[in-house]
Amino acid sequence: MRKDVMVGDLPADETSIAFVERYWTDKWKEMGGPTRATKSITRKNEYKVIAPYLSSVPAGGHILDGGCGMGDWPVELAKQGYKVTGLDLSRETVAKLNELFPDLEFVTGDIRGTGFADDTFDAYLSWGVFEHFEEGLQPCIREAWRILKPGGLLFISVPADNLRHALRGTFARLPRRHTTDVSQFYQWRLTRAELARELTFGGFDVETVKPIHKRQGVLRSLHHEFGLPYEWLVTKGLSVVLAPFVPGGLIAHMYLAVARKPASDT
Ligand SMILES: C[S@@+](CC[C@H](N)C(=O)[O-])C[C@H]1O[C@@H](n2cnc3c(N)ncnc32)[C@H](O)[C@@H]1O
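Residues numbered from 1 in each chain as written. Predicted model: local features only at pLDDT ≥ 70, side-chain atom pairs only at ≥ 80, totals over all residues. Heavy atoms only, no water.

### As for the pattern of salt bridges
Part 1: On inspection of all chains with the given rule, the structure shows 14 salt bridges.
Part 2: Across the salt bridge formed by Glu-92 and Lys-29, the nearest N and O atoms sit 3.1 Å from each other. Linking Glu-92 in helix 4 (residues 91–100) with Lys-29 in helix 1 (residues 16–30), this pair joins segments that are 63 residues apart in sequence. (Salt bridge = Lys/Arg side-chain N within 4 Å of Asp/Glu carboxyl O. Helix = DSSP H or I, 4+ residues; strand = E, 2+ residues; numbered from the N terminus.)

### Looking at the packing of helix 1 against helix 4
Part 1: Between helix 1 and helix 4, the shortest axis-to-axis distance is 8 Å and the interhelical angle comes to 45 degrees. Comparing their axes, helix 4 and helix 1 come out oblique. Judged by residue contacts, Glu-21, Thr-25, Trp-28 and Lys-29 of helix 1 engage Arg-91, Glu-92 and Thr-93 from helix 4.
Part 2: Considered class by class, the residues forming the contact of helix 1 with helix 4 number one nonpolar, two polar and four charged. (Axes fitted to C-alpha atoms, helices over the stretch in contact; angles between N-to-C directions. Parallel < 35°, antiparallel > 145°, perpendicular 65-115°, else oblique. Contact = heavy atoms within 4.5 Å. Nonpolar A, V, L, I, M, F, W, Y, C, P; charged D, E, K, R; others polar.)

### A word on the nonpolar core
General note: in soluble globular proteins, nonpolar side chains tend to be found buried as a group.
Part 1: Counting residues in hydrophobic clusters, the biggest one holds 29 residues, and the most contacted among them are Tyr-124, Phe-130, Leu-154, Leu-195 and Leu-199.
Part 2: Core analysis: the next-biggest nonpolar cluster, separate from the first, contains 20 residues, Val-84, Leu-153, Met-254 and Leu-256 among them. (Core = buried A, V, L, I, M, F, W, Y, C linked by side-chain atoms within 4.5 Å. Buried < 20%, exposed > 50% of the residue type's maximum accessible area, 1.4 Å probe, protein only.)

### Examining the environment of Ser-126
Part 1: Residue placement: Ser-126 occurs in strand 5 (residues 121–127).
Part 2: A relative accessible area of 0% places Ser-126 in the buried class.
Part 3: Remark: the alpha-carbon pair of Ser-126 and Asp-205, spanning 79 residues in sequence, is separated by 17 Å.
Part 4: Filtering out sequence-adjacent residues up to four positions away, Ser-126 remains in contact with Gly-66, Phe-155, Ile-156 and Ser-157.
Part 5: Among the polar contacts listed, one links the side chain of Ser-126 to the backbone oxygen of Gly-66, at a separation of 2.7 Å. (Polar contact = N/O pair within 3.5 Å; in protein donor to acceptor, adjacent residues only side chain to side chain.)

### Let's talk about the site of the ligand
Part 1: Among the 15 residues in the neighbourhood of the ligand, the closest are listed as Trp-28, Gly-67, Asp-88, Asp-110 and Ile-111.
Part 2: Separating a nitrogen atom of the ligand from a backbone N or O atom of Gly-67 is a distance of 2.7 Å.
Part 3: Interatomic distance of 2.6 Å between a side-chain N/O atom of Asp-88 and an oxygen atom of the ligand.
Part 4: Protein burial of the ligand: of its 590 Å² of free accessible surface, 88% is covered by the chains.
Part 5: Tallying contributions element by element places helix 1 first for the shell around the ligand, with three residues.
Part 6: By residue class, the composition of the shell around the ligand is nine nonpolar, four polar and two charged. (Near = heavy atom within 4 Å. Areas by Shrake-Rupley, 256 points an atom, 1.4 Å probe, with all protein chains shown as cover.)

Below you can see the structure in the form of structure tokens.
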């Protein structure tokens, strides 16, 4: 697993979990905060990968979105007939979601210790959250295993440690000796095999691991390796044209894993 760090230091009186809550609350506010007009999920990369598995979840089946952000997935999945619970660390965002959608269930909490009973959910999805703990993914995976019903499905995405990152790591310049920058842990990047291994270690049967968000990966490469600004139309255009031709293992920004808690633990 490859560690990404952020340059900067936490305010002295702020824990890392308080920092994450503040970071996301501010980010969602910057984007206008939750509204009743949620974004459709059916054209998203994640939906295309999980749709065949999701169709095996019975109508009315209970689904958890761990780190639900502005609530797009819970609201849209509820429209498809599932019972959905959205969980997020950001108290302000969750309060707003409860105000907007009083018929749905949004709760504040930490995916490493949700407080739900054992064997509660038929499926659990979480996009870009399991990688954010320096102690690794196991606390999140253990909790997912506990709260899923036997046979329940887990869908997670994490940042890809793709070939581009491996090459950048290999040829990275060594840090200068006299730096005053303080770096703090930001996230883990995983290879496909590492993600499968983490899930297997946590007791899951891995159904598939797929590279997703190739265009985002190409965009980042054009920016970091070729110096093209993100906002230029030519950068965006090139990313659209190139993405279909570049192998996922080289460039995909994220990996999405589908795993199942065994139907019986005997
Ligand atoms: C990458 S965003 C994903 C948002 C949403 N699922 C989506 O796909 O648009 C991560 C979200 O996870 C939440 N989060 C981060 N750490 C968390 C934790 N330990 N427990 C619960 N939610 C967390 C953040 O507040 C943020 O809303």
